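Spelled out from the first residue to the last, the chains are:
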Amino acid sequence: MRYHSTRNRYLAVSSAQAIVAGLSREGGLFVPESFPQFTLKQIATMSGLPYSKRAAAVLGGFLTDFSAQELEACADAAYGTGAFPRAAAPLVKVGDAHVLELFHGPTCAFKDFALQLMPHLLTASVAKTGSDKTMVILVATSGDTGKAALAGFADVPGTKICVFYPSGAISGIQRRQMTTQTGENVMVYAARGNFDAAQSGVKRIFTDAALAHRLEEKGLAFSSANSINWGRLAPQIAYYFSAYCDMLAAGSIKIGDKINIVVPTGNFGNILAAWIAGRCGLPVGKLICASNSNNVLTDFISTGIYNRNRDFYVTASPSMDILVSSNLERLLYFISGQDDKKIAALMQALAATGKYTVDRDLHAAIKAQFWAGFANDAQTAHTIKDVFDSTGYLCDTHTAVAHKVWQDYILATGDSAPTVIASTASPFKFASSVLEALGKQAPADDFATLSALEAASGLKAPVSLTALQGLVERFEEAIEPRNMEQAVAHWLGL
Ligand SMILES: *Cc1c(COP(=O)(O)O)cnc(C)c1O
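This one's a predicted model, so the numbers in the text were calculated from it and none came from an experiment.

K.L.:
With reference to specific residues and values, describe the overall build of the protein.
P.N.:
Within the protein one finds 21 helices and 16 strands. Relative to the globule expectation of 23 Å for 494 residues, the C-alpha radius of gyration of the protein, 21 Å, shows essentially globular dimensions. Viewed in the frame of its principal axes, the protein has a C-alpha envelope of about 60 × 55 × 45 Å. Across the 494 residues of the protein, 55% fall into the buried class. Averaged over its 41 positive side-chain charges, the protein has a centre that lies 3 Å from the centre of its 42 negative ones.

Spelled out as structure tokens, the structure:
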């Protein structure tokens, strides 16, 4: 399997090269040249396997320069009981919905599926490309990604990782998740200012040729664990196959029945993985794209016009507060029939004017496969309470957005196909919003809030969150964004 770029279909690299490079040189995203096909018989066989074996089987179709043995070893390490003490991706029946719980990993959000596996894929990929460099991962985070990346890369040989978070702009729990991170190869800084300042700082470091040269002399090279890296997308395809397998095993569907999938969406990575699963032979009906008040995707799917020139809202589902959904570029590439010139032109328009319009055929093809809706914070809170009162199931704010949009979809279409809702975070990760949705006041202290939510729900908070209270904060340094480069050089001993 070769990989092309969304902006240059004549480029061809291996999966290992695509993972090491992250982004193609002309700015496009790496995409597989074709979709590996899984027959219904293969899917039925997969349903007898544990999660890590299902994941290795799906990954094997895409990462063809890895042996089956290598992928199984990577998947066992990533999804075993060390990182996922309970089942990796359990499917829970909630009312008529099948909720795919993707939050049982070390950081309590779905990004663990990619970031527990990707460090192993990256180091193996570096070796396959004939390099012996140590990869230095730099991450600017607005919350969830930083911790998931730290947890994935901590003490992985051949890597070092440095995370910058905006001081003051993340929750106390999120800060502690990062500042208490163990590992010899990790570093965490608070960057004064907002997320954009931290992100610009990281971009500056990546593009500094003099620094890259000093790095090279030490046998080091920068890399990113950004969500546009193919190594982050590929692991997410597997859990949709896994959900289907579990529905088969439970007798909820017969082999070949189509399922709808609802995904709370920000950067469009998670829902794109569901679409790709469908292209690989998984029987998928409609994909339902759920947004919060930053509903740029809802508008795009209904009108064919993508326009980021709009107000930005800080919402109760912050991991979806995004106005540029980078992974949409991959969908447009495939649906346009791999028209790399068209994609390059659309993305240029987006960069220059903040908007683009797709032609009628492309829009019609998208509408045939996707349905989109959004929920504001009040509707989200109402849904959390409603689902809890009627079923006893507690969902987080992101998952509640998906529930609400699914209800709207059923009202609009009457489509009652069996449905999987991707649940992307533990309710305890967004405990104060969830507690308030249940009609309770959230205490000022983060750990008191966890206890209050335990009391209100009768559930136990994940140990990885409650245990933070007793851990030492190792990283307390706050720096100015303009000094980020100096900080990285100092940390690496350059
Ligand atoms: C990252 C994230 C999302 C959005 O996923 P995308 O792949 O960016 O669409 C949704 N929910 C949670 C909890 C997240 O952390």
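Picking up after the structure, the text goes on.
K.L.:
Tell me what's going on with the layout of surface pockets, and back it up with residues and numbers.
P.N.:
Here the second largest pocket defines a volume of roughly 510 Å³. Along the walls of the second largest pocket sit 21 residues, with Arg86, Phe103, His104, Lys460 and Pro462 positioned nearest its centre. Looking at the lining of the second largest pocket residue by residue, the classes come out as twelve nonpolar, six polar and three charged.

K.L.:
Residue-level account of the site of the ligand, with values.
P.N.:
Near the ligand there are 15 residues, and of these Lys111, Gly266, Asn267, Asn270 and Thr424 occur at the shortest range. One nitrogen or oxygen atom from the main chain of Asn267 is found 2.7 Å from an oxygen atom belonging to the ligand. Gly269 is positioned with one of its backbone polar atoms (N or O) 3.3 Å from an oxygen atom of the ligand. The fraction of the free accessible surface of the ligand (390 Å²) that becomes covered by protein chains is 95%. Its residues placed into classes, the shell around the ligand shows five nonpolar, eight polar and two charged.

K.L.:
Could you give me a rundown of the environment of Tyr189, with the residues and numbers involved?
P.N.:
Its location among the elements puts Tyr189 in strand β8 (residues 186–191). Judged by relative accessible area, which is 3%, Tyr189 ranks as buried. Considered as a pair, Tyr189 and Ile205 are 16 residues apart in the sequence and their alpha carbons are 15 Å apart.

K.L.:
Give a detailed account of the side chain of Lys111, specifying residues and quantitative values.
P.N.:
Along the chain, the position of Lys111 falls in helix α5 (residues 111–128). For the buried Lys111, no salt bridge exists, and the shortest N-O distance to an oppositely charged side chain is 4.8 Å, to Asp144. Contact partners of Lys111, with chain neighbours within four places excluded, come to Asp144, Thr145, Ala148, Arg232 and Ser319.

K.L.:
Can you explain the sheet that holds strand β11 (residues 284–291)? Please cite residues and give values.
P.N.:
Pairing is mixed across the open sheet formed by six strands, whose spatial order is β4-β5-β15-β10-β11-β14. Only two strands of the sheet have a single neighbouring strand rather than two, namely β4 (91–94) and β14 (370–374). Averaged over all pairs of adjacent strands, the angle between their axes in this sheet comes to 25°, without regard to strand direction. The strands touched by helix α12 (residues 296–303) within the sheet are β11 and β14, with β14 carrying the most contacts at an inclination of about 140°.

K.L.:
Please set out the pattern of salt bridges residue by residue, giving values where relevant.
P.N.:
Close approach of charged atoms allows side chains of opposite charge to pair. Summed over the entire model, instances satisfying the criterion amount to 13 salt bridges. Asp144 is paired through a salt bridge with Lys429; the nearest N and O atoms lie 3.1 Å apart. Note that Asp144 is positioned in helix α6 (residues 144–153) and Lys429 in the loop between β15 (419–423) and α18 (431–437), a separation of 285 residues in sequence. Take Asp144: its relative accessible area is 7%, and that puts it in the buried class. Exposure remark for Lys429: the relative accessible area of 7% places this residue in the buried category. Salt-bridge contacts for Asp408 lead to Lys404; the nearest nitrogen and oxygen are separated by 2.8 Å. Placement of both Asp408 and Lys404 in helix α17 (residues 397–413) is noted, with a separation of four residues, approximately one turn of the helix.

K.L.:
An account of the sheet that holds strand β7 (residues 159–166) is needed here, citing residue identities and associated values.
P.N.:
Strand order in the open sheet formed by five strands is β9-β6-β7-β8-β16, with parallel pairing between adjacent strands. With one partner strand each, in any of the chains shown, β9 (220–223) and β16 (478–479) form the two edges of the open sheet. Relative to β16, β8 runs parallel, the two being bridged by two bridges. Residue Ala191 lies in a different strand from β16, and its bridge partner there is Ile479. Contacts from helix α8 (residues 195–206) reach β6 (134–140), β7, β8 and β9, with the element oriented near 155° to β6.

K.L.:
Could you give me a rundown of α5, with the residues and numbers involved?
P.N.:
Over its 18 residues, α5 extends 25 Å from the first C-alpha to the last, a length consistent with the 26 Å expected when each residue adds 1.5 Å. Remark: the principal bend of α5, roughly 35°, maps to Met118, with a proline, Pro119, within the next four residues. Positive backbone phi, approximately 85°, marks Gly130, located one or two places after α5.

K.L.:
Give me helix α3 (residues 51–62): which residues, what numbers.
P.N.:
Given a rise of 1.5 Å per residue, twelve residues ought to cover 16 Å, and the 17 Å separating the end C-alpha atoms of α3 matches this to within 8%. Counted residue by residue, α3 has nine buried out of twelve residues, so it is predominantly covered. Where α3 is concerned, the buried positions are Tyr51, Ser52, Arg54, Ala55, Ala56, Val58, Leu59, Gly61 and Phe62.

K.L.:
Can you explain the side chain of Lys429? Please cite residues and give values.
P.N.:
A polar contact is formed between the side chain of Lys429 and the side chain of Asp144, at a distance of 3.1 Å. Ignoring sequence-local partners within four residues, the contact set of Lys429 consists of Thr107, Cys108, Ala109, Asp144, Gln177 and Leu465.

K.L.:
Quick rundown of the nonpolar core? Include the residues and the values.
P.N.:
Ranked by internal contacts, the top residues of the largest apolar core, which has 132 residues, are Tyr240 and Leu332. With 13 residues, helix α10 (residues 230–249) is the largest single contributor of residues to this core. When near neighbours in sequence (up to four residues on either side) are disregarded, Leu332 contacts Phe300, Ile343, Leu346, Met347, Tyr356, Val358, Leu362 and Ile366. Within the second largest apolar cluster, 37 residues are counted, among which are Val262, Phe388, Tyr393 and Phe447.

K.L.:
Go over the packing of aromatic side chains, please, and point to the residues and values.
P.N.:
Applying the stated criterion across every chain, the model contains 21 aromatic pairs. Aromatic pair Phe113 and Tyr239: ring centres 5.0 Å apart, planes at 75°, arrangement edge-to-face. Here Phe113, found in helix α5, pairs with Tyr239, found in helix α10; they are 126 residues apart in sequence, far enough to count as distant. With a centroid separation of 5.2 Å and an interplanar angle of 70°, the aromatic rings of Trp371 and Tyr409 are classed as edge-to-face.

K.L.:
So what about unusual backbone geometry? Which residues, and what values?
P.N.:
In this structure, Asp155 is a non-glycine residue whose phi angle is positive, near 60°. Tracing the backbone shows Asp155 in the loop between α6 and β7. Positive phi is not limited to glycine here, since Phe268 has a value of about 75°. Counting through the fold element by element, Phe268 comes out in the loop between β10 (259–264) and α11 (269–279).

The rules behind each value
Residues numbered from 1 in each chain as written. Predicted model: local features only at pLDDT ≥ 70, side-chain atom pairs only at ≥ 80, totals over all residues. Heavy atoms only, no water. Helix = DSSP H or I, 4+ residues; strand = E, 2+ residues; numbered from the N terminus. Rg over C-alpha atoms; globule rule 2.2 N^0.38 Å. Buried < 20%, exposed > 50% of the residue type's maximum accessible area, 1.4 Å probe, protein only. Lys, Arg positive; Asp, Glu negative; His and termini not counted. Charge placed at Lys NZ, Arg CZ, Asp CG, Glu CD. 1 Å grid on protein atoms, 1.4 Å probe; cavity = no way out; pocket = protein on both sides within 12 Å on 5 of 7 lines; lining within 4 Å. Points joined across faces, edges and corners; volume = space filled by probe spheres on them. Nonpolar A, V, L, I, M, F, W, Y, C, P; charged D, E, K, R; others polar. Near = heavy atom within 4 Å. Polar contact = N/O pair within 3.5 Å; in protein donor to acceptor, adjacent residues only side chain to side chain. Areas by Shrake-Rupley, 256 points an atom, 1.4 Å probe, with all protein chains shown as cover. Salt bridge = Lys/Arg side-chain N within 4 Å of Asp/Glu carboxyl O. Contact = heavy atoms within 4.5 Å. Pairing = 2+ DSSP bridges. Axes fitted to C-alpha atoms, helices over the stretch in contact; angles between N-to-C directions. Expected span 1.5 Å × (residues − 1). Bend = angle between axes of the 7 residues up to and from the residue. Core = buried A, V, L, I, M, F, W, Y, C linked by side-chain atoms within 4.5 Å. Phe/Tyr/Trp six-rings, centres within 6.5 Å; stacked < 30°, edge-to-face > 60°.

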